[in-house]
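# Residue-level structure breakdown
Listed here are the chains, written in short residue letters.
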Amino acid sequence: MAADEPLVLGIETSCDETGVGVVRGTTLLADAVASSVDTHARFGGVVPEIASRAHLEAMVPTIERALKQAGVSARDLDGIAVTSGPGLAGALLVGVSAAKAYAYALGKPLYGVNHLASHICVDQLEHGPLPEPTMALLVSGGHSSLLLAPDITSDVRPLGATIDDAAGEAFDKIARVLDLGFPGGPVIDRLAREGDPKSIAFPRGLTGPRDAPYDFSFSGLKTSVARWIEAKRAAGEEVPVRDVAASFQEAVVDVLTRKAVRACKDEGVDHLMIGGGVAANSRLRALAEERCERAGIRLRVPRPGLCTDNGAMVAALGAEMVARNRRPSDLELSADSSLPVTETHVPGSAHGPGHSHSHSHSHDHVHEISKDNLYS
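Summary of the structure given here. It should be emphasised that the depicted structure is a prediction, and the values quoted were computed from it without experimental measurement.

Most of strand E4 (residues 79-85) is tucked away: 7 of the 7 residues are buried. Sheet topology places strand E1 (residues 7-12) next to E4; 4 bridges connect them, and they run parallel. Its bridge partner being in E4, Val-8 is matched across the sheet by Gly-79. In this region the chain leaves E4, passes through helix H3 (residues 89-106) and returns to the parallel neighbour strand E5 (residues 110-114); the handedness of that crossover is right-handed.

Structure, rendered in structure tokens:
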């Protein structure tokens with residue numbers, strides 16, 4: 001770790017976790033997280049207003065904890081990075097406002113960065129500098145995306161994404177049908193280890209010869225599983241929860257890994273990075289390892305703690321921005337709940353501080369778990 005490598009603090013508040021990380025170059029010095037997930041559990045999903053209030057309460061203590069853990073002073077920092085999107089608007093605003101306040105008070109450059117690009121960049125903290133280009137499969141509660149990144153600070157290209165439910169969202173909804181609580185991913189992963197993944201033939205969405213090769217769809221799978229469970233209960237039969245969990249999980253990870261390996265082959269990329277909260281799933285990691293090894297592809301997956309939302313990933317991308325002399329953001333930086341992944345960060349305006357950054361687009365942003373009909 002060189003002393004002249006950029007020292008950056010990163011703030012992440014896109015959903016229900018207040019994450020603050022401190023990174024020097026590609027070395028992680030601190031990763032402090034304050035989660036409000038237990039508060040949301042009784043509602044069956046993330047409630048945006050509760051998340052925003054929790055961020056407000058946790059922000060300053062979490063920043064102080066991260067700086068203490070890193071053994072540095074705020075005045076030592078070379079920059080402050082913050083997730084400016086995509087995510088829950090109110091939650092993002094808390095993080096952006098805090099980052100702007102610290103940047104202004106300390107006279108440090110501010111970098112508003114993209115949540116998805118940060119999930120890719122965090123792998124540098126575990127496995128060293130990213131290859132260029134990097135092929136990334138990002139899987140979380142709001143995203144299922146295949147991305148090609150020739151330059152993580154300025155050039156990220158979407159190859160495919162979910163057209164309906166994201167993989168993590170499907171895990172949460174099936175867990176709710178099985179009365180397993182929230183969040184659903186960890187408990188389904190645990191139960192699936194004791195089940196038979198071949199016991200129930202659930203569908204694999206968008207895997208036909210005429211389907212988009214890199215897009216994902218898990219809504220049909222979710223409906224199929226829910227109706228299978230409903231039919232068992234209507235017949236007065238016991239639902240084999242472990243087999244359902246294993247078969248459902250296998251259907252999800254089969255599609256994810258199959259499409260990711262195909263993208264690597266088609267693009268001539270000899271490695272694959274997997275990130276996002278669902279990347280902590282043990283079966284996804286195992287099947288990806290198996291298929292990548294068979295295809296001659298090197299697999300890079302951060303440890304589970306770096307897959308879920310955290311401040312370290314934001315700091316990692318911020319440090320890369322500083323190292324490559326990318327233009328900092330203006331203090332007029334705002335949160336953008338649907339910031340497209342092609343905008344890896346929101347640079348300051350070349351036209352001066354009065355110029356605002358605006359655009360119109362749609363994006364697969366982070367969803368709170370709604371209480372809509374499961375079959376919708």
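On we go.
Another aspect to go through is the packing of helix H6 (residues 167-177) against helix H8 (residues 219-234). For the pair H6 and H8, the least separation of the axes is 10 Å and the interaxial angle reads 10 degrees. Taken together, the axis directions place H6 and H8 in an arrangement best described as roughly parallel. Between H6, through Lys-173, Ile-174 and Val-177, and H8, the contact on the second element is made entirely by Lys-222, Val-225, Ala-226, Ile-229 and Arg-233. For the contact of H6 with H8, a count of residues per class yields 5 nonpolar, no polar and 3 charged.

What the rule picks out here adds up to 3 aromatic pairs. Aromatic pair Phe-202 and Trp-228: ring centres 6.3 Å apart, planes at 85 degrees, arrangement edge-to-face. Here the residue Phe-202 occupies a position in the loop between helix H7 (184-192) and H8, and Trp-228 occupies one in helix H8, the gap between them amounting to 26 residues. Here Trp-228 falls in the partly exposed class, since its relative accessible area comes to 26%. When the ring of Phe-216 is compared with that of Phe-218, the centres are 6.3 Å apart and the planes differ by 10 degrees; the resulting orientation is stacked. Residue classification places Phe-218 among the buried positions, given a relative accessible area of 2%.

About the cut-offs
- Residues numbered from 1 in each chain as written.
- Predicted model: local features only at pLDDT ≥ 70, side-chain atom pairs only at ≥ 80, totals over all residues.
- Heavy atoms only, no water.
- Buried < 20%, exposed > 50% of the residue type's maximum accessible area, 1.4 Å probe, protein only.
- Helix = DSSP H or I, 4+ residues; strand = E, 2+ residues; numbered from the N terminus.
- Pairing = 2+ DSSP bridges.
- Right-handed = clockwise from strand over helix to strand, strands pointing away.
- Axes fitted to C-alpha atoms, helices over the stretch in contact; angles between N-to-C directions.
- Parallel < 35°, antiparallel > 145°, perpendicular 65-115°, else oblique.
- Contact = heavy atoms within 4.5 Å.
- Nonpolar A, V, L, I, M, F, W, Y, C, P; charged D, E, K, R; others polar.
- Phe/Tyr/Trp six-rings, centres within 6.5 Å; stacked < 30°, edge-to-face > 60°.

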